[in-house]
Amino acid sequence: MTSGKPRVAFYWCASCGGCEVTVLDLEEKLLDVAAAVDIVFWPAVLDFKKADIEAMADRSLTAAFVNGSVRTSEQEEMALLMRRKAQLLFAFGSCAQLGGVHGLANLSGKEALFQTAYWDAVRPRTISRADGFLLDLPDFFDRVRAIGQVVEVDYYIPGCPPTSKIVGQALEALLAGKLPERGTVLAPDHALCDECPRKETKPEKLTIKQFRRPHQTPVDDKECLLAQGLLCLGAATRAGCEALCVRANMPCNGCFGPTSRVSDFGAKALSGIASLAAGENADEVDRVLADIADPTGLLYRYSLPASLLRG
Amino acid sequence: MPENYEPKIVAFFCNWCTYLAADLAGTSRMKYAPNARVVRVMCSGRVDPQFVLAAFAHGADGVLIGGCHPGDCHYQEGNCKALRRYLMLKRVLKDVGIEEERFRLEWISAAEGDRVRAVMNDMAAKLRALGPRRVVRGTDRPAEVAA
C-alpha cells in the first residue's frame, strides 16, 4: 500500500458486468497494468470490502473507474464514496456515461416496474422476512441516473461495453499523465461512419422506402447497412469501436453515445433517420415510419437518463 | 391548475412563408393569442429535434413549427424533411408522456395571416384546457453535492 504507485479502484453500480469483463479482456496487458498500479478495490474480482475503502484517506486514490448507473440508494452511496476517495473519477461505459439500457425504465413509474417485475415478492426498501431473518434492501429510486448526474465525473469511457483498446488507451493516458481536459469522453470525436469499412458504399442521396430489421432480410456484408434499409445509427454515434457490429454484419445501435457537438443523442439520430424516409405527405411517410416498431427504444437504447427530457 | 394559467408556446417559423404570414397578421392588425414566442429559422427543415426537446426541457407547454406548403419550400424539400422528423418525434414524445396537442406542425404560406391567427388561437385554447405540463413519472431529486 505504500509502494508509491498510483492507487486505482474499480466499482460497479447498476450494470451487467460486461465492463468488468472488458478490463479482463486486456489479457496480458492487464499484468502490465497490475504491475504499474496498486489495485486497492475491485469487488467483482478481488476480496475488498466497503470498510476497506472507507478507511482510506479522502482523495487517496489516483483514479476510480465506476461503471453502471444509479438505480438504488446503495449505488448512490457508493458513487458518493468513490468520488470522495478518488482524485479522478472515470464514468466507465454507457450506463455510467448516459444511463444505459436499463435507463429505458424511466419510461415507466417505479410502481409500474414493481408490479411487473416483482409482484408481491421481495421489494426494495421494504423489510422482508426470509428464513427467519429480516432483510432490508437498498431504496429504489424513481429514476435511473447516469453517474455524472449523481457525482462530478472527470472522464467518460464510452461503450457497452467499452472496447479493451479504449480502456487500454485510457489507462495508458492516466499512467503517463497525458489525460486531456477534464470532462472529456475518451474516444475519437467524430461519427462512426468515418471509420466504417463500408463508408464508400454509402450513396450520395439516400431514400428509404422500407425499414428492415436484421432478422427480416438477407443482409449484404459489403454494402452500407443504411442503404439496405437497416437502422444503423453509425451516423449519429461516436467512433472508437472500429465498427465492431458492422463488421459482424449488424447495424450500429449507438452504444458509444453522441459526439461532443450533440446534446441529445436520440433527437440527433432521429433527425438523420427520419429525414431518409420516403414519402411526400403525412400518410406516405407514416406508412414508411410504421416499420420502426419502437422509435424511443431504438433511439434512446443507452441514453434516456442523459437525454434532454430524461424520460 | 394555477389561476389565470397561460401556456407558453415556442414557435419556430420559417423565414420565407410562416414568418411572413405572422408579419402580415401583424400589419393587418389581427388580434390573436399572445402565447407564442416566435423563433425565426431559415427553413422548417432547420428545426433540429433537439430544439424541440430543449424547448420542452426548459418549460415550454407547447411547440409549434410553421413552414411553407408542400412543393413551395424555398429550399425544395426542407419542409418535407421537417414533416418526416415531426411524425417520428411525435411518437417519441408520446412515450415520454408529452400529449399530442403540445407538438404541432402547420403549413402556412406568406399570404395566410388569418391562418396564423387561427392556429395560434386554437393551439393556445387547447393547451389552456390541457393545463401546465406535468412531470409524469417520478420526481427529480436534487443533485447531491459530492463531499
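As shown above, the structure is provided for reference.
1. Considerations on the overall build of chain B
When its secondary structure is counted, chain B shows four helices and four strands. Secondary structure of chain B in N-to-C order comes out as β-α-β-α-β-α-β-α. Over its C-alpha atoms chain B spans a radius of gyration of 16 Å, differing by no more than 12% from the 15 Å that the globule rule assigns to 147 residues. Seen along its three principal axes, the alpha-carbon backbone of chain B occupies a region of about 55 × 35 × 30 Å. A burial count over chain B gives 46% of its 147 residues as buried. The contacts of chain B with a sequence gap of at least 6 include a subset with a gap of at least 24, amounting to 80%.

2. Points about the overall build of chain A
Helix and strand counts for chain A come out as eleven helices and nine strands. Rg of the C-alpha trace for chain A: 21 Å, near the compact-globule value of 19 Å for 311 residues, within the 12% margin. Overall, chain A is about 65 × 50 × 30 Å in size when its C-alpha atoms are taken along their principal axes. With 311 residues in all, chain A has 45% of them scored as buried. The contacts of chain A with a sequence gap of at least 6 include a subset with a gap of at least 24, amounting to 75%.

3. Remarks on the interface of chain B and chain A
Opposite the 27 residues of chain B that make contact, chain A presents 36 residues. Elements that contribute at least two residues to the side of chain B that touches chain A include exactly helix 2 (49-57) and helix 3 (78-95) of chain B. For the side of chain B that touches chain A, the element with the most residues is helix 3 of chain B, which contributes eleven residues. Here the side of chain B that touches chain A is built from residues that sort into 16 nonpolar, three polar and eight charged.

4. Remarks on the pairing of strand 2 (residues 36-41) of chain B
Residue and element names in this part refer to chain B. In terms of strand pairing, strand 1 (residues 9-14) meets strand 2 through six bridges, oriented parallel. Within strand 2, the residue paired with Ile9 across the bridge is Ala36. Following the backbone out of strand 1, through helix 1 (residues 18-27) and into the adjacent parallel strand 2, one traces a crossover that is right-handed.

5. Notes on the sheet that holds strand 4 (residues 103-107) of chain B
Residue and element names in this part refer to chain B. Pairing within the open sheet is parallel, and its four strands lie in the order 2-1-3-4. Lying at the two open borders of the sheet, with one neighbouring strand each, are strand 2 and strand 4. For this sheet the average axis-to-axis angle between neighbouring strands, irrespective of direction, equals 20 degrees. Examined bridge by bridge, strand 3 (residues 62-67) and strand 4 share five bridges and lie parallel to one another. Across the sheet, the residue bridging to Gly67 is Trp107, located in strand 4.

6. Here we look at the packing of helix 9 (residues 265-274) of chain A against helix 2 of chain B
Two elements in contact, helix 9 of chain A and helix 2 of chain B, have axes whose closest approach is 8 Å; the angle formed by their N-to-C orientations is 145 degrees. Residues Ala267(A), Lys268(A), Leu270(A) and Ser271(A) of helix 9 of chain A lie in contact with helix 2 of chain B, whose contacting residues are Pro49(B), Gln50(B) and Leu53(B). Class assignment of the residues belonging to the contact of helix 9 of chain A with helix 2 of chain B gives a composition of four nonpolar, two polar and one charged.

7. So, unusual backbone geometry
Cis geometry is adopted by the peptide bond preceding Pro161(A), which originates at Cys160(A) and carries an omega value of -10 degrees. Within the fold, Pro161(A) resides in the loop between strand 9 (155-157) and helix 7 (164-175). Despite not being glycine, Arg29(B) shows a phi value in the positive range, around 55 degrees. Here Arg29(B) is to be found in the loop between helix 1 and strand 2.

About the criteria used
Residues numbered from 1 in each chain as written. Chains lettered and ligands numbered in written order. Predicted model: local features only at pLDDT ≥ 70, side-chain atom pairs only at ≥ 80, totals over all residues. Helix = DSSP H or I, 4+ residues; strand = E, 2+ residues; numbered from the N terminus. Rg over C-alpha atoms; globule rule 2.2 N^0.38 Å. Buried ≥ 20, exposed ≤ 12 C-beta atoms within 10 Å, placed from the backbone. Contact = placed C-beta atoms within 7 Å. Nonpolar A, V, L, I, M, F, W, Y, C, P; charged D, E, K, R; others polar. Pairing = 2+ DSSP bridges. Right-handed = clockwise from strand over helix to strand, strands pointing away. Axes fitted to C-alpha atoms, helices over the stretch in contact; angles between N-to-C directions.

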